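Coordinate analysis (summary)
One letter stands for each residue in the lines below.
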Amino acid sequence: MPATATHRAIVRHGTTCRIEEVPTPDPGEGELLLAPEHVSLCGTDIQILRRDRDDPSPVVGHEGAARVVAAGPGADGFAPGDRVLVNPTHPGDPSFLLGHNVPGLFQQRVLIGASAVRGGLVSRIPEDLPAARATLVEPFAVIRYALACLATSAPDTLVVHGDGLTGNLAALLAPRFLFPTVRVVVVHRTETGLKWTQSHVPHAVSVLDTEPLDRHVTGTAALLVTTHRGGTVPAVEAAVTALGERLVAIHPLGGVAPRATTPLLPGVDLDGVRRANTGGPWPPATTTFTRPGLSLTLSGNRGVTNPQLLAAAEALRTDNTADPLLTHVLTLEPGVRHLNVIIGDRTRVVDDELVMRLVIDLGNGSAHHGDRLP
């Protein structure tokens, strides 16, 4: 009998990850077998790996480009060698959430089920989009959607609560996709994160979450929450308390606990607000909250549409604005070492360096010289 094909995968065991040889599946009816290129570790991945969430997938990862290795019968329109991107959020099938409840991209081969292929979640992307930068396509698209939602409230100031990649990306993109004159305030948990933003996003006002927020806000304000799941409600409460009637819009974008509520906004389900825009529909679903001294428009989103992803991929072909966010682009072994420090020590500082975004090269090779960042 021929030997069973295997590939290398980053598999989680408790709160530790190991590189293992795992069986390589053959694509069945309507399925695709992909070879991921570079894959980035996002905040949701970290929560899953730290077991702060109960998502069951043994392999996480949903941000990165891939090549088609094989197409199963009925997976029409795809051929080996096609360069593609997978939309990780199926708007109509909750059983497909890449890297959450189905195995993700942190492996050298990944099977994409027929539901996702049939639902149009696999799309071709430009050949000349650098592989590391391709890991920014989803966050770029998601941020652009969130800023478009907030633009309807015409805020003078954008308050970004969260100093990870998503928060800093929002701060970078706000003058382009919100308003050129918008004041951007980024709220940080640590001095290390604050100093990084000050160095790399100089047009933003960087403050610690222990500082009074109101003194940094001009005119009306919109709040974009990009924190981990446990930080969303405190971020909302802090903004409502500090800004009062000057706060006109809230958009939860980071993690939100199921049925998350706050007594400051009675009757508002923050998780429901976010889930209402699963897949990035336009116009977005919104919730209005009004009481004396406060009138808010609440929106949120979980994922975006394929056209929004493809527009982001096209923009990133030549736009290197966000490249500094990709602070660590590593091969498998050092990448997993960094990953385990981030998980186990609950820190973004490894070897005395802030890891704004860890990108792991899965070792599948590349056909284009532009695929590596300098």
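Here, the structure is the one placed above.
Focus: the pattern of salt bridges
Per the stated rule, a full pass over the model turns up 16 salt bridges. Between Asp128 and Arg317 there is a salt bridge, with the nearest N and O atoms lying 2.8 Å from each other. Of this pair, Asp128 sits in the loop between β8 (122-124) and α3 (131-134) while Arg317 sits in the loop between α9 (306-316) and β16 (328-331), placing them 189 residues apart in sequence. Arg337 serves as the salt-bridge partner of Asp351, at 2.9 Å between the closest nitrogen and oxygen. Highlighted residues: Asp351 in the loop between β17 (349-350) and β18 (353-354) and Arg337 in helix α10 (residues 332-344), separated in sequence by 14 residues. Of the residues examined, Arg337 reaches a relative accessible area of 41% and is grouped as partly exposed.

Details of unusual backbone geometry
Here the amide bond leading from Trp282 into Pro283 is cis, since omega sits at 0°, within 30 degrees of zero. Residue position: Pro283 is located in the loop between α8 (270-275) and β14 (287-291). Despite not being glycine, Arg51 has its phi angle at roughly 65°, a positive value. Tracing the chain through its elements places Arg51 in the loop between α1 (43-49) and β5 (65-71). On the basis of relative accessible area, Arg51 is assigned to the exposed category, the value being 59%.

Examining the sheet that holds strand β9 (residues 157-161)
One open sheet holds the seven strands; their spatial order is β11-β10-β9-β12-β13-β15-β14, and the pairing between them is mixed. What marks the edges here is a single partner per strand, and that holds for β11 (205-208) and β14. Going from strand to strand, the sheet's axes swing by 20° on average, the running direction of each strand aside. Pairing analysis gives five bridges linking β9 to strand β12 (residues 221-225), with the strands arranged parallel. Of the residues in β12, the one forming a bridge with Thr157 is Ala221.

Thresholds applied
Residues numbered from 1 in each chain as written. Predicted model: local features only at pLDDT ≥ 70, side-chain atom pairs only at ≥ 80, totals over all residues. Heavy atoms only, no water. Salt bridge = Lys/Arg side-chain N within 4 Å of Asp/Glu carboxyl O. Helix = DSSP H or I, 4+ residues; strand = E, 2+ residues; numbered from the N terminus. Buried < 20%, exposed > 50% of the residue type's maximum accessible area, 1.4 Å probe, protein only. Pairing = 2+ DSSP bridges. Axes fitted to C-alpha atoms, helices over the stretch in contact; angles between N-to-C directions.

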